[in-house]
Amino acid sequence: MHAKPSICEQTCAEPVGAGSTTLDQLRPGDLAKTVRVRPAPETAQRLQELGFVPGTVVRLVRHAPFGDPLEVELCGYHLSLRKAEAGLVEVERLEPLPGICARG
Amino acid sequence: MRARVRWRRRWRGPGAQGAERLFTVALAGNPNSGKTSVFNRLTGLTQKVGNYPGVTVERKVGRCWIGSQSFRVVDLPGTYSLAAKSPDEEVAVDVLLGAQDGEPRPDVVVHVVDACSLERGLYLLTQLLEIGLPVIVALNMVDLAEARGIRVDAARLSERLGVTVVPIQGHRGIGFEALRAAIARAVASSPGAALDGSGPLLAQRPWRQAVGFVLRELGPMVAERRGRKLEPAEALRALVDRGGRAERLLIDVASERGSAVLERAREIVSAPEDLAAAETALRYAWIRERLEGCLSGAPPVQPTWTERVDRVLTHRVWGLAIFALIMLAMFEAVFAGARPAMDAIDFAISQLGSTVRAAVPPGALQSLLADGVIAGVGMVIMFLPQILILFLCIGILEDVGYMARAAFLMDRLLRSCGLSGRSFVPMFSGFACAVPAILGARVIEDRKDRLTTMLVTPLFSCSARLPIYSVFIGAFVPPRAVVPGFLDLQGLVLFSMYALGVIVAAGAAWVLRRTVLRSKHPVFIMELPSYKVPSASSVLIRLKGRAVEFLVRAGTVILAMAIVVWALAYFPRPGEIAREFQAARLRAASELVGEERERALERLRKLEASRYLQESYLGRIGRAIEPVFSPLGWDWRIGVAVLASFPAREVFLSSLATTLEIEGDAEPESLSLRAALKRATKPQGSEGGEERPLFTVPVALSILVFFALCCQCGGTLVTLAREAGSWLWALFCFSYMTALAYSGAFLVSRIAAWLA
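A brief look at the structure comes next. Please read all numbers here as calculations on a predicted model, not as lab measurements. (Residues numbered from 1 in each chain as written. Chains lettered and ligands numbered in written order. Predicted model: local features only at pLDDT ≥ 70, side-chain atom pairs only at ≥ 80, totals over all residues. Heavy atoms only, no water.)

### Looking at the overall build of chain B
And then number 1: Looking only at helices and strands, chain B features 32 helices and 14 strands.
And then number 2: Projected onto its principal axes, the C-alpha coordinates of chain B cover approximately 110 × 70 × 55 Å.
And then number 3: Across the 756 residues of chain B, 53% fall into the buried class.
And then number 4: Look at the contacts in chain B between residues 6 or more apart in sequence, and 73% of them connect residues 24 or more apart.
And then number 5: Put simply, chain B has 87 plus and 70 minus side-chain charges, and the middle of one group is 3 Å from the middle of the other. (Helix = DSSP H or I, 4+ residues; strand = E, 2+ residues; numbered from the N terminus. Buried < 20%, exposed > 50% of the residue type's maximum accessible area, 1.4 Å probe, protein only. Contact = heavy atoms within 4.5 Å. Lys, Arg positive; Asp, Glu negative; His and termini not counted. Charge placed at Lys NZ, Arg CZ, Asp CG, Glu CD.)

Shown next as structure tokens:
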């Protein structure tokens, strides 16, 4: 069996909805594909180094008790970042294929 | 000479010609990749922790034996990329380039990568390949990846990446023979060439041209002016990170010419807007292309253990409640859990004291040993169990991975003080000891945020304050139950002292971030690692380190201070006092009989001891400064003990123990300081009159508050001065904390007296 490195890419492939949104607009459980990271000194670079490059599939896991920061999953690990930083990441929502990627 | 050489058996590198060379292996990798356990396995107990010269970043170096050859292993600070954004990332880069003072350039780099987050981990590899050193990839935690359905074909990966890939399991010690063999092979062959397309970026023509241009134009000048040649990796960073460190360092050396060359080089790279975006996209594209065919297995549909546990621990509603419970449980464990051990040590120490008193004839020597050394140092050693339990709890929470969750939960709260969740772990370590906590603030990238964190961390009640809280709460707070079976008044007061430190720290941070140390809201991006079962050996290694550190401190600073305090309290011993009391004793013996005589003699003994103390050097200093402390309701004895405790807080109890012992109890074997404190009185000068207690509840509470808020630790101030870069900051910290402590103590003593 053979799977691509970004594991979710294989299983969840349907872009949904028109236009892109930003990471902080997603709801817990949503899947999305990274489009780009808006320029911001240093922060944008750090986000990109951590995996937010075009094509990376991201899943919003949850919000912290006061709504901020957010926990996301990408490239096989979990990351915590604030709404402000998440707002820099432009994403395109994905529809998970039924029965698969039902984690959350 | 020959025999010694043979015994040491250093490896003779190529072209060495009789000179022996010690090879250096650098361990690089992301944070949480298991690098530390790899380092521990390779170096064991040979590891030494220190500082890099000139920078305050922790340096961990050890020795590793492969066959008969000895290698030097350096554990570099964890980093995600060589575009350094914090001091310890800068050190990692500098060491790899050979630019770090006092640290030779490594000969081999072992890159530890977590198999579960392989893509992200390999990002650093793409940069390491541009450094020009041989790289070995240690693919760690392959067992955990397998459990998650990720199977990595190491041989194939090795072929695609062009470097040796060794699968290992650092926490189990599996795969290390292969790793060691790979290291030995790597140093035997000559280091690979740097520039020619060995990484993703330099394989692209525009990038190669741009970097080549910079090297041609600036290389000779730079090499001549600073004595070290310009590396391609450095040139790359200077190009991409506009306004960053690499660019600044280059312009320092090459000035305007450097700027112009960099600008021209940037135009060569055909990235319209953003070089950083282009760089990261290229690197990840390269990684994904290389990974094709190397991974297999199906991702599980079930959530992982970590995800399941996190549903509870970081729950939107329950997460904080559970966090508070965990913290409370920890405090209970520390206060109550160490009780049996503490009592045992207490008993042993008082036995030792009696033995000495029996063996040594009364006089200066007996007093020095019994009242000075044993009472003084023993008082402190008694708290070793409590301190170990505290360090154990914090260490376990960190190793398990819970601390990252705590930072996640606390970020919003910390943001209202102007800090970020990243400050949480260093600040929390302040509950154990402020010195490593201040060092831990290195991970905070924003300078003002880091400085604020360092300045308020000493307000978190460290383990040195615990004995003082413990003794005074035990002596003056009644053991009443607040929630029967779960929480009692003493535990509650203890918790309040810790809470006081936290609240005042929050306030201080808030003020600092709005006045002296203003900057934009810091960024908070933090990985949430998988939960791991902490390895018993690494926890024990760390605990042993702490225990040794504590005992060494007791053995040196505290012992020295205890002896000094004793000497000041004992000398001089004016002859007139001896004669005066001798006469009084004879009168009492002749005029009174029976029980009355006994009581009179007892009172005279106490009065005599107290007169000696008053006339001693310590007493004179104390009475001279008494006006400073009298608004707090403190007797000069307390004031002097507080002064003596400024280098190290534990000395407070030592010096109280010493002065109270010297003043004399009827029973030299009396057990605890607590009992002595309760009994301690301010003797009146004349024969008649009531003896008033030295410590009342308001006085005890004000002492507690003073110690909670005051900065009485030479170690903290020195560390702060070094980390902050200036003694002024240490002075500032000392001043504001002392002011807070004094006002707090004043308020509390007045309020408590008024309430009583």
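### What to know about the overall build of chain A
And then number 1: Assigned secondary structure in chain A consists of three helices and seven strands.
And then number 2: Order of helices (α) and strands (β) in chain A, N terminus to C terminus: α-β-β-β-α-β-β-β-α-β.
And then number 3: In chain A, buried positions account for 60% of the 104 residues.
And then number 4: Look at the contacts in chain A between residues 6 or more apart in sequence, and 65% of them connect residues 24 or more apart.

### Let's talk about the pairing of strand β4 (residues 69-75) of chain B
All names here are of chain B.
And then number 1: By the criterion of burial, β4 is predominantly enclosed, with seven of the seven residues buried.
And then number 2: Residues of β4 alternate between two faces, with Gln-69, Phe-71, Val-73 and Asp-75 on one and Ser-70, Arg-72 and Val-74 on the opposite face, all of them buried.
And then number 3: Inspection of the sheet shows strand β1 (residues 23-29) paired to β4 by five bridges, in the parallel sense. Paired with Leu-27 across the strands is Asp-75, a residue of β4. (Pairing = 2+ DSSP bridges.)

### A word on the sheet that holds strand β5 (residues 108-114) of chain B
Residues and elements named next belong to chain B.
And then number 1: On the basis of which strands lie adjacent, the open sheet formed by seven strands has the order β2-β3-β4-β1-β5-β6-β8 and mixed pairing. The open sheet is flanked by β2 (48-51) and β8 (164-167), the only strands paired with a single partner. Averaged over all pairs of adjacent strands, the angle between strand axes in this sheet comes to 30°, irrespective of strand direction.
And then number 2: Inspection of the sheet shows strand β6 (residues 135-140) paired to β8 by four bridges, in the parallel sense. (Axes fitted to C-alpha atoms, helices over the stretch in contact; angles between N-to-C directions.)

### Some thoughts on the state of the cysteines
And then number 1: Throughout the structure, instances matching the rule amount to zero disulfides over all chains.
And then number 2: With no disulfide of its own, Cys710(B) has Cys711(B) as its nearest cysteine by sulfur position, at a separation of 6.8 Å. (Disulfide = S-S within 2.5 Å.)

### What to know about the interface of chain A and chain B
Many descriptions give the size of an interface as the accessible area lost when the pieces come together.
And then number 1: Between chain A and chain B, the contact holds 45 residues from the first and 59 residues from the second.
And then number 2: Of the roughly 4500 Å² buried at the junction of chain A and chain B (both faces included), carbon and sulfur atoms supply 56%.
And then number 3: Linking chain A with chain B are five salt bridges.
And then number 4: Inspection of the region where chain A meets chain B yields 15 residue pairs in polar contact (both at pLDDT 80 or more).
And then number 5: Breaking the side of chain A that touches chain B down by element, the ones donating at least two residues are α2 (43-49), β4 (57-63), β5 (70-74) and β6 (77-81) of chain A.
And then number 6: When residues in the side of chain A that touches chain B are grouped by element, the largest group, six residues, is from α2(A).
And then number 7: For the side of chain A that touches chain B, the per-class residue count stands at 18 nonpolar, 15 polar and twelve charged.
And then number 8: Alignment of β6(A) against strand β12 (residues 525-528) of chain B, held across four bridges, turns out to be antiparallel. Among the inter-strand pairings, Ser80(A) is bridged to a residue of β12(B), identified as Met526(B). (Buried area = accessible area lost by both parts, 1.4 Å probe. Salt bridge = Lys/Arg side-chain N within 4 Å of Asp/Glu carboxyl O. Polar contact = N/O pair within 3.5 Å; in protein donor to acceptor, adjacent residues only side chain to side chain. Nonpolar A, V, L, I, M, F, W, Y, C, P; charged D, E, K, R; others polar.)

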